[in-house]
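Structural features, examined
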Protein chains: 2
Amino acid sequence: MKRRDFLQLVGRAGGAGAVYQTMTAMGVLHRPLNEPLDLTGNGKGKKVLILGAGLAGMSAAYELRKLGYDCKILEARGRPGGRCHSIRRGTVETETDGATQTCNFDPGLYFNAGPMRVPADHLTTLNYCKEFDLALEAFLNVNENAYYHTADPKFQSLGGGKLRHREAKADMFGYTDELMAKATSEGALDKELSKDDRDALMQFFGSDGWLGPPIQPKTTDDLNKPRTGVYGPNMRRGFSVLPGGGDNPGKLSTPVDRHTLFQSKVFFGFGYEQYIDFQMTMLQLAGGTDRLAYAFSERLGKVITYSAPIQEIRNDGSGVRVVYKGAGGAAREEKADFCICTIPFSVLKSISNDFTAPAKAAIDKIGSQYAVTGKMGMQFKRRFWEEDDRIFGGVTLTDQAMTQIVYPSTGFQSKKGVLTGYYNYDQQAEEFAKLSPQDRIKRALAEGSKIHPQYDAEFESGISVAWHKTPYSLGGWANWSDEQRKNEYALLLKPQGATYFCGEHMSYVGSWMAGAFESSHETLKQLHARASSG
Amino acid sequence: MKRRDFLQLVGRAGGAGAVYQTMTAMGVLHRPLNEPLDLTGNGKGKKVLILGAGLAGMSAAYELRKLGYDCKILEARGRPGGRCHSIRRGTVETETDGATQTCNFDPGLYFNAGPMRVPADHLTTLNYCKEFDLALEAFLNVNENAYYHTADPKFQSLGGGKLRHREAKADMFGYTDELMAKATSEGALDKELSKDDRDALMQFFGSDGWLGPPIQPKTTDDLNKPRTGVYGPNMRRGFSVLPGGGDNPGKLSTPVDRHTLFQSKVFFGFGYEQYIDFQMTMLQLAGGTDRLAYAFSERLGKVITYSAPIQEIRNDGSGVRVVYKGAGGAAREEKADFCICTIPFSVLKSISNDFTAPAKAAIDKIGSQYAVTGKMGMQFKRRFWEEDDRIFGGVTLTDQAMTQIVYPSTGFQSKKGVLTGYYNYDQQAEEFAKLSPQDRIKRALAEGSKIHPQYDAEFESGISVAWHKTPYSLGGWANWSDEQRKNEYALLLKPQGATYFCGEHMSYVGSWMAGAFESSHETLKQLHARASSG
Ligand SMILES: Cc1cc2nc3c(=O)[nH]c(=O)nc-3n(C[C@H](O)[C@H](O)[C@H](O)COP(=O)(O)OP(=O)(O)OC[C@H]3O[C@@H](n4cnc5c(N)ncnc54)[C@H](O)[C@@H]3O)c2cc1C
Ligand SMILES: Cc1cc2nc3c(=O)[nH]c(=O)nc-3n(C[C@H](O)[C@H](O)[C@H](O)COP(=O)(O)OP(=O)(O)OC[C@H]3O[C@@H](n4cnc5c(N)ncnc54)[C@H](O)[C@@H]3O)c2cc1C
């Protein structure tokens with residue numbers, strides 16, 4: 001496998017830059033997040049205008065109204081949720097170049113075009129699910145039966161370019177532990193470790209690599225014997241013939257060639273599920289992630305004005321004035337004491353405003369480097385990945401442009417299913433985005449068939465979203481470098497007059513729904529303190 | 001952590017001996033299992049008596065009836081399913097010493113006293129779920145947020161004896177990879193590996209151990225640089241302060257002391273989820289595993305006679321004759337052309353029969369070494385493991401006698417919940433089994449509170465099953481040594497006259513429901529071939 005691709009996956013699956021953004025955090029102590037958002041006092045008589053009915057904007061309005069503020073949300077789209085968007089039969093997607101698709105999945109099937117999974121540590125997201133009584137299900141980010149796939153001709157001897165996660169891991173850890181046990185027993189760590197610790201390490205190598213004879217403890221002495229030896233077929237790697245009843249003990253499968261395995265760099269794929277935000281248990285919203293967006297919008301009702309794209313933002317003396325395109329296309333105006341602007345910088349950078357020159361420059365810079373990312377939902381006649389490949393949920397990673405297949409985590413053994421046919425970033429996403437919707441499907445089928453030959457026969461329909469070509473998003477999420485966090489980020493955390501910048505981009509949980517909520521709560525604290533003191 | 005306990009877990013969680021049983025299989029090629037059970041011909045006019053309405057017996061009757069056989073099942077208990085048993089409000093459990101418990105969980109809550117999880121490779125189990133249209137859900141056997149716990153005073157410096165799985169793994173792999181990278185760069189593997197493979201290995205150590213500066217690839221050259229360096233706080237281990245909105249980048253947590261970690265032997269716990277039958281994705285039956293048993297019994301209706309314990313089995317000339325205790329306690333007799341006996345050997349060894357002396361001896365030997373195992377379901381007022389500890393499903397392992405806590409994989413963020421308060425084996429199971437049901441609860445609370453101090457305040461009710469003290473089971477599952485597979489197992493695979501031995505014990509998938517099904521299918525092939533030729 002090309003190491004480039006897997007490194008990118010590890011580094012970028014959580015949003016480009018997610019890794020290093022958070023690394024800069026070391027040593028800085030902040031408040032714990034499991035505190036409730038605990039604002040007291042009263043916002044009566046104060047008007048707050050909120051730009052954007054995404055999760056940041058809607059949660060801001062929802063919380064402000066608890067405090068008595070008068071809120072109004074202006075939203076460009078005809079629906080709530082922004083990037084928190086699920087696609088079902090009848091959903092229409094139009095991209096900036098005019099290409100239009102209408103979803104014709106079977107009733108009941110859906111595709112999460114934006115957020116699909118919630119880490120167990122994203123407390124604000126989970127808290128709102130609880131507050132709105134929304135059911136959560138397991139999202140299976142880890143499945144040892146899914147594949148690591150490479151299209152590289154050099155590595156087709158690795159199971160036809162397709163190793164189960166369990167096989168790749170068992171072989172990689174097995175061979176490595178065997179080498180390490182040998183080196184250690186030959187003295188390689190004699191200077192580094194005490195005898196006790198070397199002995200412990202030898203036991204670790206034996207058990208981690210499933211080395212030597214299998215564990216069959218009879219006495220405590222047996223248990224303390226280091227398990228060393230050579231790597232071979234074992235109960236982590238699994239069977240080539242499953243064991244059964246009667247006289248059928250099954251047959252263990254055979255490890256792949258060590259040199260080819262090492263050179264394939266498949267091990268870079270292991271990191272995908274180790275990264276903090278991608279570890280099990282992950283959760284998903286039953287029925288589609290947009291249930292969360294609609295839970296807010298149902299409670300907000302007429303607070304939201306839809307199809308009202310902002311065209312101008314002015315800090316008018318003590319308050320704010322915005323101009324938007326109202327029903328019928330006429331420009332309309334709205335005034336308020338405060339404004340919370342949740343418009344992504346990728347969009348905001350082209351909206352007329354009277355912010356300071358450094359703020360304008362900062363918005364322009366960050367707004368120009370939003371993540372390029374795309375996803376496709378594909379409906380198949382038959383859940384062949386379950387029936388034929390025994391893959392129940394999880395992720396297959398590939399070095400093709402499609403990057404990954406995400407299998408559904410529910411509805412097991414039911415008739416049809418929708419899987420995520422691709423979910424990619426950067427150059428790979430651009431390769432798909434520049435194609436017409438029909439050609440994207442052709443390419444997804446061509447690449448996907450290399451992993452699942454059943455694709456062509458079983459495919460029914462597909463729909464794709466190129467987020468940087470989607471109006472009012474124009475990108476997946478904000479990217480920040482360390483440098484930019486110190487400068488542009490710090491600058492934009494301060495309000496411009498009465499206008500606050502808010503959304504996933506104004507958080508250290510960027511590219512996650514929790515980022516939108518965390519930023520919203522942070523903004524409310526600032527705004528409420530100012531409103532209360534004023 | 002005591003290595004004994006974790007080795008036992010790894011070696012025995014799948015049934016004592018499961019590891020080495022299957023290892024003996026190497027080199028023997030058998031049929032693939034995804035073939036359907038494809039029996040043709042007709043059993044009309046032939047009568048088959050089946051002893052036991054567990055999964056083996058019921059699936060045998062179900063399949064035989066498709067072929068036209070006349071079937072009758074005699075079952076000792078008043079319910080179907082045998083070990084496939086779920087406990088709900090009102091379920092009564094009486095043990096061999098007379099101790100009786102009645103479940104008083106809230107309506108809707110249940111506890112799988114026997115089987116709770118299905119590996120993705122257990123095709124016969126999954127096939128029956130599909131045939132009966134039973135919904136499957138994810139069973140979360142892996143949760144990086146769950147704990148490895150030790151009560152050993154020596155190791156309390158490891159997070160108070162409680163490390164999250166992610167923390168233990170990150171630190172263990174991190175420290176080890178750091179040591180190995182150093183040794184390798186100092187030449188420890190120069191004789192073993194080519195330069196290319198050493199370079200690949202150095203990259204593996206870097207990425208597996210999350211060593212050195214985090215990945216922030218800018219160019220292809222960057223990506224090819226080996227990630228070496230020292231182990232420190234990282235994005236696998238996670239945060240001590242979660243990142244948030246605004247000016248809160250969070251704080252990475254600090255690794256524990258290396259020497260203490262190595263000596264704790266916590267790494268033996270990692271194998272639990274690596275063993276083939278315990279890898280993700282695992283599945284569970286929605287609503288309780290006994291849905292599968294009831295799906296059979298509903299279809300079999302009057303084929304099953306309940307409360308009819310067998311007391312004698314005689315091979316009568318060409319057929320079989322059994323004596324059982326009928327309604328009112330009177331001895332009754334039943335005759336048939338064939339008999340499929342699914343009574344566990346632990347019970348069968350005390351039933352009068354006219355098998356050959358070697359068969360009697362074999363049944364007695366295996367029947368005397370059934371697994372000692374126990375489980376407790378505990379209902380709590382509040383799902384504190386989710387609310388306070390962010391544990392959604394998964395397993396906490398401990399070196400206390402309780403061995404493990406299994407958290408529910410569904411119903412997240414709902415009000416109450418039932419978790420598996422202990423699930424243990426051998427000596428540990430015996431320690432609980434010998435206590436009264438009330439004292440078992442006391443002990444489970446005492447041990448559990450060391451992990452979750454919320455236990456005492458939140459506990460509502462509990463019910464336990466000691467399988468070796470449960471009538472008509474008298475043990476968890478059969479154990480076979482390699483030697484016994486060659487001798488006793490081979491002998492008992494052959495019928496005694498017209499009587500076939502069948503059940504999980506007559507399979508290489510022992511201690512799993514699939515073992516019952518596989519054995520049943522194997523028996524049917526033999527029986528049907530004989531009946532068809534006779
Ligand atoms: C492909 C993809 C996958 C993701 N996966 C996950 C995941 O698995 N889990 C997770 O937690 N998060 C995930 N996220 C991130 C999550 O979707 C976002 O962080 C979150 O939804 C952002 O919310 P927001 O309110 O900050 O922004 P938005 O949702 O973008 O809201 C901004 C709102 O402003 C509106 N707007 C824009 N321009 C104007 C204008 N001129 N006038 C008026 N209104 C305007 C927009 O229509 C939109 O409704 C994913 C995102 C993407 C793109
Ligand atoms: C604690 C525990 C956990 C388990 N966990 C899992 C799991 O997670 N997943 C999984 O797939 N499997 C699991 N199993 C294994 C699974 O439950 C068994 O392998 C399977 O149910 C055995 O089915 P059987 O038909 O062979 O035996 P049984 O279910 O024991 O059926 C035998 C039947 O014979 C009846 N009988 C006994 N004596 C007489 C008599 N004298 N006269 C008439 N009838 C009699 C019994 O009442 C019973 O109904 C677990 C088992 C236990 C004990």
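**Considerations on the overall build of chain A**
Counting its regular elements, chain A contains 17 helices and 25 strands. Considering only C-alpha atoms, chain A reaches an extent of 80 × 60 × 40 Å along its principal axes. In chain A, the share of contacts with a sequence separation of at least 24, taken over all contacts with a separation of at least 6, comes to 70%. Per element, the accessible surface of chain A, about 18000 Å² overall, is 50% carbon and sulfur. Treating the 64 positive side-chain charges of chain A as one cloud and the 61 negative ones as another, the clouds have centres 4 Å apart.

**Focus on the nonpolar core**
In terms of nonpolar packing, the biggest core is built from 104 residues, with Leu201(A) and Leu201(B) touching the most fellow members. Residue contacts for Leu201(A): discarding those within four places in its chain leaves Leu189(A), Leu193(A), Met172(B), Thr176(B), Leu179(B) and Phe262(B). Among the nonpolar cores identified, the runner-up in size contains 98 residues, and Cys71(A), Val118(A), Ala293(A) and Leu300(A) belong to it.

**Notes on empty space enclosed by the protein**
Gaps between atoms show up when a probe of the same size as a water molecule is rolled over them. Inspection of the entire model under this criterion finds 18 cavities of 30 Å³ or more. Considering only enclosed or pocket space, the largest cavity measures out at about 390 Å³ in volume. Taken together, 22 residues make up the lining of the largest cavity; nearest its centre are Glu144(A), Lys169(A), Glu273(A), Lys169(B) and Glu273(B). Within the residue set of the lining of the largest cavity, elements represented by two or more residues are helix 5 (165–185) of chain A together with helix 5 (165–185) of chain B.

**As for the site of ligand 2**
Residues and elements named next belong to chain B. Contacts to ligand 2 come from 37 residues, most closely from Glu75, Arg77, Arg83, Arg117 and Met513. Within the contact set of ligand 2, a nitrogen atom lies 3.2 Å away from a backbone nitrogen or oxygen of Ser511. Protein contacts shield 99% of the accessible area of ligand 2, which totals 1000 Å² for the unbound molecule. At the level of secondary structure, the elements contributing two or more residues to the shell around ligand 2 comprise helix 3 (55–66) and helix 17 (513–533). When the residues that make up the shell around ligand 2 are grouped by side-chain class, the tally is 23 nonpolar, nine polar and five charged. When residues of the shell around ligand 2 are sorted by domain, at least three fall in each of domain 1 (44–77 + 306–369 + 479–533) and domain 2 (94–141 + 281–293 + 372–469).

**Things to note about the sheet that holds strand 15 (residues 310–316) of chain A**
Residue and element names in this part refer to chain A. Spatial ordering of the open sheet is given by 17-16-15-19, a layout of four strands whose pairing is mixed. What marks the edges here is a single partner per strand, and that holds for strand 17 (331–336) and strand 19 (352–353). When strand 15 meets strand 16 (residues 319–325), the two strands line up antiparallel, connected through six bridges. Bridging across to strand 16, Glu312 finds its partner in Val323.

**Some thoughts on the domain arrangement of chain A**
Residue and element names in this part refer to chain A. When its domains are assigned, chain A resolves into domain 1 (46–79 + 306–369 + 477–533), domain 2 (91–141 + 281–290 + 372–469) and domain 3 (166–259). Taking the mean C-alpha position of each, domain 1 and domain 2 sit 30 Å from one another. Between domain 1 and domain 2 lies a buried interface of about 1100 Å² when both sides are counted; carbon and sulfur atoms form 69% of it. Considering only the side of domain 1, the residues that lose the most area to domain 2 are Trp477, Trp512 and Met513, jointly responsible for 46% of the buried surface there. Salt-bridge contacts for Lys66 lead to Glu131; the nearest nitrogen and oxygen are separated by 3.0 Å. Connecting domain 1 to domain 2 are six residue pairs in polar contact (both at pLDDT 80 or more). At the level of secondary structure, the elements contributing two or more residues to the side of domain 1 that touches domain 2 comprise helix 3 (55–66) and helix 17 (513–533). Here the side of domain 1 that touches domain 2 gets five residues from one element, more than from any other, and that element is helix 17. In the side of domain 1 that touches domain 2, the residues fall into seven nonpolar, two polar and four charged.

**Comments concerning unusual backbone geometry**
Residues and elements named next belong to chain A. At the junction of Met280 and Thr281, the peptide bond is cis and its omega measures out at 0° in the coordinates. The backbone phi angle of Asp426 is positive, close to 55°, even though this residue is not glycine. When you line up the elements, Asp426 lands in helix 13 (residues 426–433). Residue classification places Asp426 among the partly exposed residues on the basis of a relative accessible area of 24%. Here the phi dihedral of Tyr472 falls at roughly 70°; this positive angle occurs in a residue that is not glycine. Take Tyr472: it is sitting in the loop between strand 24 (459–466) and helix 16 (482–492).

**A word on the side chain of Lys169(B)**
Residue and element names in this part refer to chain B. Along the polypeptide, Lys169 turns up in helix 5. Here Lys169 falls in the buried class, since its relative accessible area comes to 7%. In this view, Lys169 contacts Glu144, Tyr148, Gly174, Arg236, Phe270 and Glu273; residues no more than four positions away in its chain are not counted.

**Examining the pairing of strand 22 (residues 404–407) of chain A**
Residue alternation in strand 22 of chain A divides its side chains into two sets, Gln404(A) and Val406(A) and Ile405(A) and Tyr407(A), and both sets are buried. Hairpin remark: strand 21 (residues 394–398) of chain A followed by strand 22 of chain A, antiparallel, with five residues in the connecting loop; positive phi at Thr403(A), about 70°.

**Considering the environment of Glu273(B)**
Residue and element names in this part refer to chain B. Relative to the assigned elements, Glu273 resides in the loop between helix 8 (258–264) and strand 13 (282–285). With residues near it in sequence (within four places) discarded, Glu273 still touches Asn141, Val142, Glu144, Tyr148, His165, Lys169, Phe278 and Gln279. In terms of polar contacts, Glu273 uses its side chain to reach the side chain of Lys169, at 2.5 Å.

**So, the pattern of salt bridges**
Throughout the structure, instances matching the rule amount to 68 salt bridges over all chains. Note that Lys72(A) is salt-bridged to Glu334(A), the shortest N-O span being 3.8 Å. Taken as a pair, Lys72(A) in strand 2 (residues 70–74) and Glu334(A) in strand 17 lie far apart in primary sequence, 262 residues in all. For Lys72(A), a relative accessible area of 23% corresponds to the partly exposed category. A relative accessible area of 13% places Glu334(A) in the buried class. Note that Arg237(B) and Asp171(B) form a salt bridge whose closest N and O atoms lie 2.7 Å from each other. Here Arg237(B), found in the loop between helix 7 (220–224) and strand 11 (239–241), pairs with Asp171(B), found in helix 5; they are 66 residues apart in sequence, far enough to count as distant. The residues Arg237(B) and Asp171(B) share a single accessibility class, namely buried.

**Section: the packing of helix 11 (residues 357–367) of chain B against helix 16 (residues 482–493) of chain B**
All names here are of chain B. Relative orientation of the contacting elements helix 11 and helix 16 amounts to 120°, with a least axis distance of 9 Å. One element, helix 11, and the other, helix 16, form an angle in the oblique class. Read as a crossing pair, helix 11 and helix 16 show a hand that is left-handed. Contact residues: helix 11 offers Pro358, Ala359, Ala362, Ile363, Lys365 and Ile366, while helix 16 offers Gln484, Glu488, Leu491 and Leu492. Its residues placed into classes, the contact of helix 11 with helix 16 shows seven nonpolar, one polar and two charged.

**A look at the packing of aromatic side chains**
Any two aromatic rings considered together are summarised by their centre-to-centre distance and by the angle between their planes. One pass over the full model with this rule turns up 69 aromatic pairs over all chains. With a centroid separation of 5.9 Å and an interplanar angle of 35°, the aromatic rings of Phe296(B) and Phe517(B) are classed as tilted. In this pair, Phe296(B) is assigned in helix 9 (residues 290–300) and Phe517(B) in helix 17, connecting sequence segments 221 residues apart. Note on Phe380(B) and Phe384(B): the rings are 5.2 Å apart at their centroids and 90° apart in plane angle, and the pair reads as edge-to-face. Residues Phe380(B) and Phe384(B) agree in their burial class; the two are buried. Over the face of the ring belonging to Tyr423(A) we find Lys375(A), whose NZ or CZ atom lies 4.8 Å from the ring centre. The positively charged end of Lys162(B) is found above the aromatic ring belonging to Tyr147(B), 4.7 Å away from the centroid.

**Points about the site of ligand 1**
All names here are of chain A. Around ligand 1, a shell composed of 37 residues is seen, among which Glu75, Arg77, Arg83, Arg117 and Met513 lie nearest. The separation between an oxygen atom of ligand 1 and a polar main-chain atom of Leu55 is 3.2 Å. Between ligand 1 and Ser511, the relevant distance is 3.2 Å, taken from a nitrogen atom to a main-chain nitrogen or oxygen of the residue. Coverage of ligand 1 by the protein amounts to 99% of the 1000 Å² it exposes when considered alone.

**Notes on helix 9 of chain B**
Regarding helix 9 of chain B, the residues found buried are Asp290(B), Leu292(B), Ala293(B), Ala295(B), Phe296(B), Ser297(B) and Leu300(B). In the stretch just after helix 9 of chain B, Gly301(B) is the one whose phi turns positive, near 50°.

**Some details on the confidence of the model for chain A**
Taken as a whole, chain A shows an average pLDDT of 91; of its residues, 90% reach a score of 70 or greater. Across residues 1–33 of chain A, confidence stays below pLDDT 50; counting only partners more than four residues off in sequence or on other chains, it has 108 contacts.

Calculation criteria
- Residues numbered from 1 in each chain as written.
- Chains lettered and ligands numbered in written order.
- Predicted model: local features only at pLDDT ≥ 70, side-chain atom pairs only at ≥ 80, totals over all residues.
- Heavy atoms only, no water.
- Helix = DSSP H or I, 4+ residues; strand = E, 2+ residues; numbered from the N terminus.
- Contact = heavy atoms within 4.5 Å.
- Areas by Shrake-Rupley, 256 points an atom, 1.4 Å probe, with all protein chains shown as cover.
- Lys, Arg positive; Asp, Glu negative; His and termini not counted.
- Charge placed at Lys NZ, Arg CZ, Asp CG, Glu CD.
- Core = buried A, V, L, I, M, F, W, Y, C linked by side-chain atoms within 4.5 Å.
- Buried < 20%, exposed > 50% of the residue type's maximum accessible area, 1.4 Å probe, protein only.
- 1 Å grid on protein atoms, 1.4 Å probe; cavity = no way out; pocket = protein on both sides within 12 Å on 5 of 7 lines; lining within 4 Å.
- Points joined across faces, edges and corners; volume = space filled by probe spheres on them.
- Near = heavy atom within 4 Å.
- Polar contact = N/O pair within 3.5 Å; in protein donor to acceptor, adjacent residues only side chain to side chain.
- Nonpolar A, V, L, I, M, F, W, Y, C, P; charged D, E, K, R; others polar.
- Domains from an automatic or database assignment.
- Pairing = 2+ DSSP bridges.
- Buried area = accessible area lost by both parts, 1.4 Å probe.
- Salt bridge = Lys/Arg side-chain N within 4 Å of Asp/Glu carboxyl O.
- Axes fitted to C-alpha atoms, helices over the stretch in contact; angles between N-to-C directions.
- Parallel < 35°, antiparallel > 145°, perpendicular 65-115°, else oblique.
- Left-handed = near helix turned anticlockwise from the far one by under 90°.
- Phe/Tyr/Trp six-rings, centres within 6.5 Å; stacked < 30°, edge-to-face > 60°.
- Lys NZ or Arg CZ within 6 Å of the ring centre and 35° of its normal.
- pLDDT = per-residue confidence, 0-100.

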